[in-house]
Amino acid sequence: MSSPPVRLELRREAGSTSVWIGSGALDVALTGLSSLLGGRRVFVITSPPLRQLHGEALEPLAAAAGEFQVLEVADGEAAKTPETAIGVWRTLLAAGGKRDSLIVAFGGGSIGDLAGFVAGTFLRGVDYVQIPTTLLAQVDAAIGGKTAINLPEAKNSVGLFYHPLATIADTGFLGTLPPRQLRSGLFEVVKTAVMRDADLFSRLEADLARLLAGDADALAESVKLTAAAKIGVVEKDPKENDIRQLLNFGHTLGHALELSLEMLEHGEAVGYGMLFAIDLAVARGFAPGEADRVRALIRRIGLPPLPPTVPLEAVMARLERDKKAREAGLAWVVPLHIGSGEICTDIAAEDVRHRVGDFLGGRNGC
Ligand code: GLY
(Lines give C-alpha, C1' and ligand atoms only; values in the text may rest on other atoms or scores of the structure.)
Protein backbone atom coordinates (compact mmCIF):
# COMPACT_ATOMS: atom_id res chain seq x y z
CA MET A 1 0.00 0.00 0.00
CA SER A 2 1.40 3.43 -0.87
CA SER A 3 2.33 5.76 1.97
CA PRO A 4 0.03 8.69 2.79
CA PRO A 5 0.88 12.21 1.63
CA VAL A 6 3.37 14.15 3.73
CA ARG A 7 3.40 17.81 4.63
CA LEU A 8 6.71 19.70 4.65
CA GLU A 9 7.19 23.34 5.65
CA LEU A 10 9.29 25.88 3.79
CA ARG A 11 10.08 28.53 6.41
CA ARG A 12 10.49 32.06 5.12
CA GLU A 13 11.41 35.38 6.68
CA ALA A 14 7.73 36.20 6.90
CA GLY A 15 5.60 33.08 7.23
CA SER A 16 5.95 29.69 5.65
CA THR A 17 4.70 27.60 2.73
CA SER A 18 3.14 24.21 3.40
CA VAL A 19 4.21 21.66 0.79
CA TRP A 20 1.94 18.60 0.57
CA ILE A 21 3.36 15.68 -1.42
CA GLY A 22 2.06 12.26 -2.38
CA SER A 23 -0.75 10.43 -4.06
CA GLY A 24 -4.03 11.93 -2.81
CA ALA A 25 -2.28 15.09 -1.51
CA LEU A 26 -4.90 17.36 -3.09
CA ASP A 27 -7.79 15.97 -1.01
CA VAL A 28 -5.72 15.95 2.19
CA ALA A 29 -4.45 19.49 1.62
CA LEU A 30 -7.89 20.89 0.80
CA THR A 31 -9.15 19.58 4.12
CA GLY A 32 -6.19 21.27 5.82
CA LEU A 33 -6.81 24.50 3.91
CA SER A 34 -10.59 24.65 4.37
CA SER A 35 -10.45 27.69 6.69
CA LEU A 36 -8.26 29.48 4.15
CA LEU A 37 -10.64 28.78 1.28
CA GLY A 38 -14.00 29.18 3.00
CA GLY A 39 -16.00 32.06 1.55
CA ARG A 40 -13.11 33.26 -0.58
CA ARG A 41 -13.21 34.19 -4.26
CA VAL A 42 -10.92 31.65 -5.95
CA PHE A 43 -9.51 32.04 -9.47
CA VAL A 44 -7.88 28.95 -10.97
CA ILE A 45 -5.40 29.57 -13.78
CA THR A 46 -4.94 26.53 -16.00
CA SER A 47 -4.75 25.43 -19.64
CA PRO A 48 -7.54 23.84 -21.76
CA PRO A 49 -5.85 20.39 -22.13
CA LEU A 50 -5.22 20.14 -18.41
CA ARG A 51 -8.73 21.23 -17.52
CA GLN A 52 -10.05 18.55 -19.85
CA LEU A 53 -7.78 15.88 -18.39
CA HIS A 54 -7.95 16.68 -14.67
CA GLY A 55 -10.61 19.39 -14.27
CA GLU A 56 -12.77 17.16 -12.06
CA ALA A 57 -9.99 17.11 -9.46
CA LEU A 58 -10.85 20.76 -8.78
CA GLU A 59 -14.45 20.03 -7.73
CA PRO A 60 -13.66 19.86 -3.98
CA LEU A 61 -11.85 23.20 -4.33
CA ALA A 62 -14.87 24.71 -6.10
CA ALA A 63 -17.14 23.39 -3.34
CA ALA A 64 -14.96 24.86 -0.58
CA ALA A 65 -14.57 28.30 -2.21
CA GLY A 66 -17.02 31.19 -1.80
CA GLU A 67 -16.91 31.88 -5.51
CA PHE A 68 -14.97 29.94 -8.08
CA GLN A 69 -13.84 30.79 -11.59
CA VAL A 70 -11.48 29.04 -14.01
CA LEU A 71 -9.30 31.15 -16.31
CA GLU A 72 -7.73 29.35 -19.26
CA VAL A 73 -4.40 30.38 -20.75
CA ALA A 74 -2.23 28.77 -23.44
CA ASP A 75 -0.47 25.53 -22.57
CA GLY A 76 3.29 25.52 -21.89
CA GLU A 77 5.78 28.34 -22.38
CA ALA A 78 3.29 30.19 -24.63
CA ALA A 79 1.42 31.21 -21.44
CA LYS A 80 4.33 33.28 -20.15
CA THR A 81 3.82 36.46 -22.17
CA PRO A 82 3.14 40.05 -21.06
CA GLU A 83 -0.04 39.95 -23.19
CA THR A 84 -1.32 36.91 -21.27
CA ALA A 85 -0.51 38.55 -17.93
CA ILE A 86 -2.38 41.71 -18.96
CA GLY A 87 -5.34 39.62 -20.12
CA VAL A 88 -5.47 37.77 -16.79
CA TRP A 89 -5.15 40.98 -14.72
CA ARG A 90 -8.04 42.52 -16.67
CA THR A 91 -10.19 39.40 -16.35
CA LEU A 92 -9.54 39.34 -12.61
CA LEU A 93 -10.58 42.99 -12.28
CA ALA A 94 -13.70 42.49 -14.41
CA ALA A 95 -14.67 39.42 -12.36
CA GLY A 96 -14.41 41.31 -9.07
CA GLY A 97 -10.97 40.13 -7.96
CA LYS A 98 -10.00 41.71 -4.60
CA ARG A 99 -6.94 41.89 -2.37
CA ASP A 100 -8.24 38.89 -0.44
CA SER A 101 -9.06 36.79 -3.50
CA LEU A 102 -7.01 33.63 -3.97
CA ILE A 103 -5.28 32.56 -7.17
CA VAL A 104 -4.59 28.87 -7.81
CA ALA A 105 -2.01 27.73 -10.37
CA PHE A 106 -3.09 24.36 -11.77
CA GLY A 107 -0.63 22.92 -14.27
CA GLY A 108 3.03 22.61 -15.17
CA GLY A 109 5.92 24.96 -14.51
CA SER A 110 4.85 27.57 -17.08
CA ILE A 111 1.34 27.92 -15.65
CA GLY A 112 2.88 28.17 -12.17
CA ASP A 113 5.34 30.86 -13.29
CA LEU A 114 2.61 32.93 -14.94
CA ALA A 115 0.04 32.51 -12.16
CA GLY A 116 2.64 33.31 -9.47
CA PHE A 117 3.67 36.43 -11.39
CA VAL A 118 0.06 37.55 -11.79
CA ALA A 119 -0.63 36.86 -8.09
CA GLY A 120 2.46 38.79 -7.00
CA THR A 121 1.55 41.86 -9.03
CA PHE A 122 -2.27 42.01 -9.09
CA LEU A 123 -3.42 44.70 -6.63
CA ARG A 124 0.18 44.66 -5.27
CA GLY A 125 -0.02 41.00 -4.37
CA VAL A 126 -2.75 38.47 -3.59
CA ASP A 127 -2.40 35.02 -2.03
CA TYR A 128 -1.88 32.05 -4.27
CA VAL A 129 -1.55 28.27 -4.13
CA GLN A 130 0.44 26.06 -6.51
CA ILE A 131 -1.03 22.74 -7.65
CA PRO A 132 1.74 21.42 -9.93
CA THR A 133 0.78 18.54 -12.21
CA THR A 134 4.11 17.69 -13.89
CA LEU A 135 7.15 16.04 -12.32
CA LEU A 136 9.31 19.03 -13.22
CA ALA A 137 6.97 21.45 -11.48
CA GLN A 138 6.46 19.18 -8.44
CA VAL A 139 10.19 18.79 -7.73
CA ASP A 140 11.36 22.23 -8.74
CA ALA A 141 9.31 25.00 -10.34
CA ALA A 142 6.43 25.12 -7.83
CA ILE A 143 8.74 25.33 -4.81
CA GLY A 144 10.77 28.38 -3.88
CA GLY A 145 8.74 31.35 -5.10
CA LYS A 146 10.40 32.04 -8.46
CA THR A 147 7.77 33.55 -10.76
CA ALA A 148 8.27 35.11 -14.20
CA ILE A 149 7.10 35.83 -17.70
CA ASN A 150 9.24 36.03 -20.83
CA LEU A 151 10.13 38.93 -23.11
CA PRO A 152 10.97 38.19 -26.76
CA GLU A 153 14.62 38.93 -25.90
CA ALA A 154 14.99 36.53 -22.96
CA LYS A 155 13.21 33.89 -20.89
CA ASN A 156 12.09 34.73 -17.34
CA SER A 157 13.28 38.32 -17.79
CA VAL A 158 10.41 39.90 -15.81
CA GLY A 159 9.35 38.39 -12.53
CA LEU A 160 9.60 38.37 -8.77
CA PHE A 161 10.24 36.08 -5.85
CA TYR A 162 6.73 35.55 -4.51
CA HIS A 163 5.94 32.46 -2.48
CA PRO A 164 2.66 30.55 -2.56
CA LEU A 165 0.76 29.94 0.67
CA ALA A 166 0.87 26.24 -0.19
CA THR A 167 2.20 23.90 -2.83
CA ILE A 168 0.16 20.75 -3.36
CA ALA A 169 2.14 18.15 -5.31
CA ASP A 170 -0.39 15.36 -5.82
CA THR A 171 1.73 12.67 -7.44
CA GLY A 172 -1.45 10.99 -8.68
CA PHE A 173 -1.37 13.50 -11.55
CA LEU A 174 1.90 12.00 -12.77
CA GLY A 175 0.05 8.86 -13.90
CA THR A 176 -1.10 10.64 -17.10
CA LEU A 177 2.18 12.40 -17.83
CA PRO A 178 3.59 11.61 -21.32
CA PRO A 179 6.86 9.60 -21.02
CA ARG A 180 8.94 12.41 -22.52
CA GLN A 181 7.72 14.86 -19.87
CA LEU A 182 8.39 12.30 -17.16
CA ARG A 183 11.98 11.92 -18.36
CA SER A 184 12.32 15.69 -18.61
CA GLY A 185 11.32 16.03 -14.95
CA LEU A 186 13.74 13.27 -13.92
CA PHE A 187 16.67 15.40 -15.12
CA GLU A 188 15.70 18.03 -12.52
CA VAL A 189 15.64 15.29 -9.87
CA VAL A 190 19.15 14.22 -10.95
CA LYS A 191 20.27 17.86 -10.83
CA THR A 192 19.16 18.28 -7.22
CA ALA A 193 20.61 14.91 -6.18
CA VAL A 194 24.05 15.62 -7.71
CA MET A 195 24.22 19.02 -6.04
CA ARG A 196 22.68 18.25 -2.65
CA ASP A 197 21.90 14.64 -1.83
CA ALA A 198 24.20 11.67 -2.51
CA ASP A 199 21.70 9.21 -0.98
CA LEU A 200 18.98 10.41 -3.36
CA PHE A 201 21.43 9.91 -6.23
CA SER A 202 22.09 6.28 -5.19
CA ARG A 203 18.39 5.73 -4.85
CA LEU A 204 17.81 7.05 -8.37
CA GLU A 205 20.42 4.63 -9.71
CA ALA A 206 18.61 1.77 -7.98
CA ASP A 207 15.03 2.85 -8.80
CA LEU A 208 15.41 4.29 -12.29
CA ALA A 209 13.66 1.44 -14.11
CA ARG A 210 10.63 1.81 -11.81
CA LEU A 211 10.66 5.60 -12.21
CA LEU A 212 10.80 5.38 -16.00
CA ALA A 213 7.93 2.90 -15.91
CA GLY A 214 5.88 5.46 -13.95
CA ASP A 215 5.78 3.44 -10.70
CA ALA A 216 3.60 5.58 -8.40
CA ASP A 217 5.44 4.78 -5.14
CA ALA A 218 8.90 5.34 -6.61
CA LEU A 219 7.77 8.66 -8.10
CA ALA A 220 6.14 9.84 -4.86
CA GLU A 221 9.31 9.01 -2.90
CA SER A 222 11.54 10.84 -5.40
CA VAL A 223 9.30 13.91 -5.34
CA LYS A 224 9.38 13.96 -1.51
CA LEU A 225 13.17 13.65 -1.30
CA THR A 226 13.84 16.16 -4.08
CA ALA A 227 11.37 18.67 -2.67
CA ALA A 228 12.91 18.29 0.80
CA ALA A 229 16.38 18.95 -0.61
CA LYS A 230 15.13 22.00 -2.49
CA ILE A 231 13.32 23.39 0.56
CA GLY A 232 16.58 23.11 2.52
CA VAL A 233 18.39 25.18 -0.12
CA VAL A 234 15.68 27.83 -0.47
CA GLU A 235 15.44 28.31 3.31
CA LYS A 236 19.18 29.04 3.43
CA ASP A 237 19.29 31.28 0.34
CA PRO A 238 15.81 32.45 -0.72
CA LYS A 239 16.98 35.03 -3.28
CA GLU A 240 19.64 32.92 -5.02
CA ASN A 241 22.60 34.97 -3.85
CA ASP A 242 24.61 31.92 -2.85
CA ILE A 243 23.90 28.17 -2.65
CA ARG A 244 20.57 28.35 -4.48
CA GLN A 245 22.66 28.94 -7.61
CA LEU A 246 23.69 25.28 -7.31
CA LEU A 247 20.18 24.41 -8.49
CA ASN A 248 21.15 25.93 -11.82
CA PHE A 249 23.44 22.92 -12.47
CA GLY A 250 23.09 22.10 -16.17
CA HIS A 251 21.15 25.30 -16.87
CA THR A 252 23.97 27.50 -18.24
CA LEU A 253 24.49 25.58 -21.48
CA GLY A 254 21.03 24.04 -21.07
CA HIS A 255 19.20 27.37 -21.48
CA ALA A 256 21.36 28.28 -24.47
CA LEU A 257 20.57 24.95 -26.16
CA GLU A 258 16.88 25.11 -25.31
CA LEU A 259 16.54 28.57 -26.84
CA SER A 260 18.79 28.04 -29.86
CA LEU A 261 17.47 24.63 -30.93
CA GLU A 262 13.79 24.81 -29.95
CA MET A 263 13.54 21.00 -30.09
CA LEU A 264 14.43 20.08 -26.52
CA GLU A 265 12.16 19.90 -23.49
CA HIS A 266 13.54 22.04 -20.66
CA GLY A 267 14.72 19.01 -18.67
CA GLU A 268 16.41 17.49 -21.73
CA ALA A 269 18.33 20.72 -22.29
CA VAL A 270 19.37 20.56 -18.63
CA GLY A 271 20.46 16.93 -19.21
CA TYR A 272 22.80 18.06 -21.98
CA GLY A 273 23.92 21.00 -19.87
CA MET A 274 24.79 18.64 -16.99
CA LEU A 275 26.87 16.44 -19.32
CA PHE A 276 28.81 19.52 -20.40
CA ALA A 277 29.26 20.78 -16.84
CA ILE A 278 30.54 17.34 -15.80
CA ASP A 279 33.31 17.65 -18.40
CA LEU A 280 34.22 21.04 -16.91
CA ALA A 281 34.13 19.53 -13.42
CA VAL A 282 36.46 16.65 -14.33
CA ALA A 283 38.97 19.18 -15.65
CA ARG A 284 38.83 20.78 -12.16
CA GLY A 285 39.23 17.56 -10.18
CA PHE A 286 35.79 15.88 -10.01
CA ALA A 287 36.60 12.16 -9.69
CA PRO A 288 36.25 10.36 -13.08
CA GLY A 289 34.46 7.42 -11.43
CA GLU A 290 31.79 9.72 -9.98
CA ALA A 291 31.54 11.58 -13.30
CA ASP A 292 30.89 8.27 -15.06
CA ARG A 293 28.10 7.43 -12.61
CA VAL A 294 26.34 10.74 -13.33
CA ARG A 295 26.82 10.41 -17.10
CA ALA A 296 25.49 6.83 -16.99
CA LEU A 297 22.36 7.88 -15.09
CA ILE A 298 21.67 10.71 -17.58
CA ARG A 299 22.12 8.31 -20.51
CA ARG A 300 19.79 5.76 -18.90
CA ILE A 301 17.05 8.41 -18.60
CA GLY A 302 17.61 9.10 -22.31
CA LEU A 303 18.25 12.23 -24.34
CA PRO A 304 17.00 12.85 -27.88
CA PRO A 305 19.90 13.15 -30.34
CA LEU A 306 20.97 16.69 -31.19
CA PRO A 307 20.62 17.73 -34.83
CA PRO A 308 23.70 16.89 -36.97
CA THR A 309 24.70 20.57 -37.05
CA VAL A 310 24.14 22.72 -34.02
CA PRO A 311 24.52 26.49 -34.62
CA LEU A 312 27.55 27.21 -32.43
CA GLU A 313 27.31 30.97 -32.98
CA ALA A 314 23.68 31.04 -31.82
CA VAL A 315 24.55 29.01 -28.71
CA MET A 316 27.52 31.25 -27.92
CA ALA A 317 25.35 34.37 -28.38
CA ARG A 318 22.89 32.98 -25.83
CA LEU A 319 25.72 32.26 -23.39
CA GLU A 320 27.02 35.80 -23.95
CA ARG A 321 23.59 37.15 -23.05
CA ASP A 322 23.62 35.08 -19.85
CA LYS A 323 27.09 36.41 -19.08
CA LYS A 324 25.73 39.95 -19.15
CA ALA A 325 22.98 39.00 -16.74
CA ARG A 326 25.34 39.07 -13.74
CA GLU A 327 28.11 41.52 -12.92
CA ALA A 328 30.37 38.58 -12.05
CA GLY A 329 30.03 37.14 -15.57
CA LEU A 330 29.01 33.68 -16.73
CA ALA A 331 28.56 31.21 -13.88
CA TRP A 332 29.10 27.48 -14.31
CA VAL A 333 27.77 25.13 -11.67
CA VAL A 334 29.91 22.02 -11.37
CA PRO A 335 29.89 19.04 -9.00
CA LEU A 336 32.69 18.62 -6.46
CA HIS A 337 31.44 15.20 -5.37
CA ILE A 338 28.08 13.54 -5.92
CA GLY A 339 25.98 15.49 -3.40
CA SER A 340 27.89 18.78 -3.46
CA GLY A 341 28.89 21.42 -5.98
CA GLU A 342 30.44 24.82 -6.54
CA ILE A 343 29.93 27.87 -8.73
CA CYS A 344 32.78 28.87 -11.05
CA THR A 345 33.10 32.23 -12.72
CA ASP A 346 36.77 31.84 -13.67
CA ILE A 347 36.56 29.74 -16.83
CA ALA A 348 38.08 31.72 -19.71
CA ALA A 349 35.75 32.66 -22.58
CA GLU A 350 38.05 31.06 -25.17
CA ASP A 351 38.16 27.82 -23.19
CA VAL A 352 34.34 27.80 -22.99
CA ARG A 353 34.03 28.38 -26.74
CA HIS A 354 36.46 25.60 -27.53
CA ARG A 355 34.77 23.14 -25.18
CA VAL A 356 31.24 23.98 -26.36
CA GLY A 357 32.40 23.50 -29.97
CA ASP A 358 33.86 20.08 -29.14
CA PHE A 359 30.78 19.09 -27.13
CA LEU A 360 28.33 20.02 -29.86
CA GLY A 361 30.60 18.54 -32.50
CA GLY A 362 29.62 15.09 -31.37
CA ARG A 363 32.07 14.26 -28.60
CA ASN A 364 29.37 14.62 -25.95
CA GLY A 365 29.07 10.98 -25.02
CA CYS A 366 25.37 10.55 -25.98
N1 GLY B 1 14.84 26.24 -10.44
C2 GLY B 1 15.88 26.53 -9.55
C3 GLY B 1 15.43 27.35 -8.39
O4 GLY B 1 14.26 27.46 -8.12
O5 GLY B 1 16.25 27.93 -7.74
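To start, this report covers the structure provided alongside it. (Residues numbered from 1 in each chain as written. Predicted model: local features only at pLDDT ≥ 70, side-chain atom pairs only at ≥ 80, totals over all residues. Heavy atoms only, no water.)

Bringing the site of the ligand into the picture now. Every residue close to the ligand is listed here: Asp140, Lys146, Lys230, Glu240, Arg244 and Leu247. Between the ligand and Lys146 there is a distance of 3.2 Å, counted from an oxygen atom to a side-chain nitrogen or oxygen. In the model, an oxygen atom of the ligand is placed 2.7 Å from a nitrogen or oxygen of the Arg244 side chain. Alone, the ligand offers 200 Å² of accessible surface; in the complex the protein occludes 90% of this. Here the residues of the shell around the ligand sort into one nonpolar, no polar and five charged. (Near = heavy atom within 4 Å. Polar contact = N/O pair within 3.5 Å; in protein donor to acceptor, adjacent residues only side chain to side chain. Areas by Shrake-Rupley, 256 points an atom, 1.4 Å probe, with all protein chains shown as cover. Nonpolar A, V, L, I, M, F, W, Y, C, P; charged D, E, K, R; others polar.)

What follows covers the pattern of salt bridges. Between side chains of opposite charge, a pair can form as their charged atoms come close. By the definition in use, this model includes 25 salt bridges. Salt-bridge contacts for Glu221 lead to Lys224; the nearest nitrogen and oxygen are separated by 3.9 Å. On the criterion of helical spacing, the pair formed by Glu221 and Lys224 is a turn pair, its members being three residues apart in helix α10 (residues 216-236). Judged by its relative accessible area of 10%, Lys224 falls in the buried class. In the salt-bridge network here, residues are joined through shared partners; they are Glu77, Lys80, Asp113, Lys155 and Glu258. (Salt bridge = Lys/Arg side-chain N within 4 Å of Asp/Glu carboxyl O. Helix = DSSP H or I, 4+ residues; strand = E, 2+ residues; numbered from the N terminus. Buried < 20%, exposed > 50% of the residue type's maximum accessible area, 1.4 Å probe, protein only.)

The next subject is the environment of Leu36. In this fold, Leu36 is placed in helix α2 (residues 34-37). Linking Leu36 and Ala65, residues 29 residues apart in sequence, is a C-alpha distance of 9.0 Å.

What you tend to see is this: most non-glycine residues have negative phi, and most peptide bonds are trans. For Arg124, which is not glycine, the phi dihedral falls at a positive 65°. Counting through the fold element by element, Arg124 comes out in the loop between α6 (109-121) and β6 (127-132). Despite not being glycine, Glu240 has its phi angle at roughly 60°, a positive value. The class of Glu240 is buried, set by a relative accessible area of 10%.

Read from one edge to the other, the open sheet built from seven strands follows the order β1-β2-β9-β6-β5-β3-β4, with strand pairing classed as mixed. What marks the edges here is a single partner per strand, and that holds for β1 (6-11) and β4 (67-72). Taken pair by pair, the neighbouring strands of this sheet meet at an average axis angle of 20°, ignoring direction. Contacts from α6 reach β3 (41-46), β5 (102-107) and β6, with the element oriented near 165° to β5. Across the sheet, α10 lies against β1, β2 (16-22) and β9 (166-170), angled at about 15° from β1, the strand it touches most. (Pairing = 2+ DSSP bridges. Axes fitted to C-alpha atoms, helices over the stretch in contact; angles between N-to-C directions. Contact = heavy atoms within 4.5 Å.)

Moving on: helix α1 (residues 25-32). When we look at burial in α1, the residues that qualify are Ala25, Leu26, Ala29 and Leu30. Taken end-on, α1 shows its buried residues confined to a sector of 125°, consistent with a single buried face. Summarising the contacts, the buried residues of α1 are in contact with β2, α2, α4 (59-64), β6 and β9. (Arc of directions from axis to C-beta.)

Another point: the environment of Pro132. Within the secondary structure, Pro132 is located in strand β6. Taking the C-alpha atoms as reference points, Pro132 and Asp27, separated by 105 residues in sequence, lie 14 Å from one another. Not counting residues within four places of it along the chain, the set of residues in contact with Pro132 comprises Gly107, Ala137, Gln138, Ala142, Thr167, Ile168, Ala169 and Phe173.

For the structure shown, the criterion picks out six aromatic pairs. Aromatic side chains Trp89 and Phe117 sit 6.0 Å apart centroid to centroid with 45° between the ring planes, which places their arrangement in the tilted category. With Trp89 in helix α5 (residues 82-94) and Phe117 in helix α6, this pair connects stretches of sequence that are 28 residues apart. Connected via pairs of aromatic rings, a cluster forms that spans Tyr272, Phe276, Trp332 and Phe359. (Phe/Tyr/Trp six-rings, centres within 6.5 Å; stacked < 30°, edge-to-face > 60°.)

Quick look at the packing of α5 against α6 now. Relative to each other, α5 and α6 sit at 55°, their axes nearing to 10 Å. With respect to their mutual orientation, α5 and α6 come out oblique. The crossing of α5 and α6 is right-handed. Taken together, the residues of α6 that come into contact with α5 (itself represented by Thr84, Ala85, Val88, Trp89 and Leu92) are Leu114, Phe117, Val118 and Thr121. Residue composition of the contact of α5 with α6, grouped by class: seven nonpolar, two polar and no charged. (Parallel < 35°, antiparallel > 145°, perpendicular 65-115°, else oblique. Left-handed = near helix turned anticlockwise from the far one by under 90°.)

Function cannot be inferred from these measures alone, as they are strictly geometric.
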